[in-house]
Amino acid sequence: MMTAMTDALRQHLPFSKNKTSLNNSYPDTTQDEDIASYYVSHVAAVTGAGSGMGRELACHLAKLGCHLALSDINTEELEKTQELLVGYNVKVTTTVLDVANKDAVYAWADNVMTDHGKVNFIFNNAGVAFYSTVEGSSISELEWVMDINFWGVVYGTKAFLPLIKNSVKQSKNNDVTDNGHVINISSLFGLIAQPSQSIYNASKFAVRGFTESLRQELDIQRCGVSATCIHPGGIKTNIANSARGNDSLSELGMRSGSSAIKSFNKFLRFDAKEAAWIILQAAATDQRRCLISNDAKIMDAVQRVFPNHYSNILYRATKLTRTLKPKHHNKTSPTETTSTS
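Residues numbered from 1 in each chain as written. Predicted model: local features only at pLDDT ≥ 70, side-chain atom pairs only at ≥ 80, totals over all residues. Heavy atoms only, no water.

Draft legend 1. Just the pairing of strand β7 (residues 225-232), in detail. Summarising burial for β7: eight of the eight residues are buried, a large majority. Bridge count for strand β6 (residues 180-185) against β7 is six bridges, and the pairing is parallel. Paired with H181 across the bridge in β7 is S226. Handedness of the crossover is the feature at issue here: the chain leaves β6, passes through helix α8 (residues 198-221), returns alongside β7, and the resulting connection is right-handed. Two elements, β7 and strand β9 (residues 289-292), share four bridges in a ladder whose sense is parallel. Looking across to β9, one finds that I230 is bridged to C290. (Buried < 20%, exposed > 50% of the residue type's maximum accessible area, 1.4 Å probe, protein only. Helix = DSSP H or I, 4+ residues; strand = E, 2+ residues; numbered from the N terminus. Pairing = 2+ DSSP bridges. Right-handed = clockwise from strand over helix to strand, strands pointing away.)

Draft legend 2. Broad picture of the environment of R289. With respect to the helices and strands, the residue R289 is situated in strand β9. The class of R289 is buried, set by a relative accessible area of 12%. For R289 and E212, which are 77 residues apart along the polypeptide, the C-alpha to C-alpha distance reads 8.4 Å. A distance of 3.0 Å separates a polar atom in the side chain of R289 from a polar atom in the side chain of D300. (Polar contact = N/O pair within 3.5 Å; in protein donor to acceptor, adjacent residues only side chain to side chain.)

Draft legend 3. Region of the structure containing the sheet that holds β7. Pairing in this open sheet of seven strands is parallel, and the strands run β3-β2-β1-β4-β6-β7-β9 from one edge to the other. Each of the sheet's edge strands pairs with one partner strand only, and the pair in question is β3 (92-96) and β9. Adjacent strand axes in the sheet meet at a mean angle of 15° when their direction is disregarded. Judged from the four bridges that link them, strand β4 (residues 121-124) and β6 form a sheet pairing that is parallel. (Axes fitted to C-alpha atoms, helices over the stretch in contact; angles between N-to-C directions.)

Draft legend 4. Representation of unusual backbone geometry in the model. Phi is positive for D175, close to 60°, though the residue is something other than glycine. With respect to the element layout, D175 can be found in the loop between α7 (151-173) and β6.

Draft legend 5. Spatial organisation of the pattern of salt bridges. One pass over the structure, following the stated rule, counts eight salt bridges. The closest approach of N and O atoms between R55 and E77, which form a salt bridge, is 3.1 Å. With R55 in helix α3 (residues 52-63) and E77 in helix α4 (residues 75-84), this pair connects stretches of sequence that are 22 residues apart. Since its relative accessible area comes to 22%, E77 is described here as partly exposed. Measuring nitrogen to oxygen at the nearest pair gives 3.3 Å for the salt bridge that ties R215 to D219. With R215 and D219 both in helix α8 and four residues apart, the pair spans about one turn of that helix. Look at R215 and you get buried, because its relative accessible area is 7%. (Salt bridge = Lys/Arg side-chain N within 4 Å of Asp/Glu carboxyl O.)

Draft legend 6. Focus on the packing of aromatic side chains. Considering all chains together, one arrives at eight aromatic pairs under this definition. Residues F189 and Y200 carry aromatic rings whose centres are separated by 6.3 Å and whose planes lie at 85° to one another, so their mutual orientation is edge-to-face. Separated by eleven residues along the polypeptide, F189 in the loop between β6 and α8 and Y200 in helix α8 bring together distant segments of the chain. Of the residues examined, F189 reaches a relative accessible area of 0% and is grouped as buried. Judged by its relative accessible area of 1%, Y200 falls in the buried class. (Phe/Tyr/Trp six-rings, centres within 6.5 Å; stacked < 30°, edge-to-face > 60°.)

Draft legend 7. Layout of α8. Over its 24 residues, α8 runs 35 Å from end to end, which matches the ideal 34 Å to within 8%, given 1.5 Å per residue. Buried within α8 are the following residues: I199, Y200, N201, S203, K204, V207, T211, L214, R215 and L218. The first or second residue beyond α8 is R222, which carries a positive phi of 50°. (Expected span 1.5 Å × (residues − 1).)

Nothing here speaks to function; it is all geometry.
This is the structure:
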């Protein structure tokens, strides 16, 4: 469904890769040297660093001379990321971590300080996807998503923020000015709601509200630390293949199981490496929020213009696209499952 929506709307809106996003979230002309000073000799903690945007963030940061404290729940994938960083003149530490475990997150933050002596950035990137109707989902399934997508962000922010503040303060005492930033990953689905995505929507809307409030508090405090909320669209990561769900989508005429995952992957078209670079630009230029991919920009525009009716507009755009679609291309069922970012 989401793929059809964005394909239909993209034809009529003048977004392109070379234009600045609606919220001016990043200038495409930014080069490595323009933001290198923001990260060089600093220390960044990254969750979900074993794959996707987390891995690409680690690679970009290493290239910029930023020391790294990486975590992921998957040991093998985390080791692969670490191998990619061999040869860079930065210190890299890794920790196998479940971000839903509060005590483990706090212990990791303490270890980062012990290992690196300071910490400047926390990238709360780890997340999962889940598809189901509201009625068809169990409480335990809803808790699984919220524990990772929302509470994982809360734990990461709460554990690292005091340490980041102190690192910035100590640098000033030593006549050096370190930067400090909290970067939380929300989603396109933290901007708009979709059927089959109620709990994913809830978790990502929660991240958005949490981060935007944090940003305002930090602005008032003028403590040298800031916060940015990231809203990716369909990024090419492994999130679809690891998504969970159930057959309740059949009640909506949507696919489930392997068919849903296949449809989901069609929506993930934006390069993770480029997405990670945009995130680093957004933090370095102190953006309040950052929209990644035309999908996110289009959906945000529609929601802003038609806040009470965007769901009907997107549905009609999808329906129109299917009506105009050549029959020889329409080999699948007429309704695709909604995808997440």
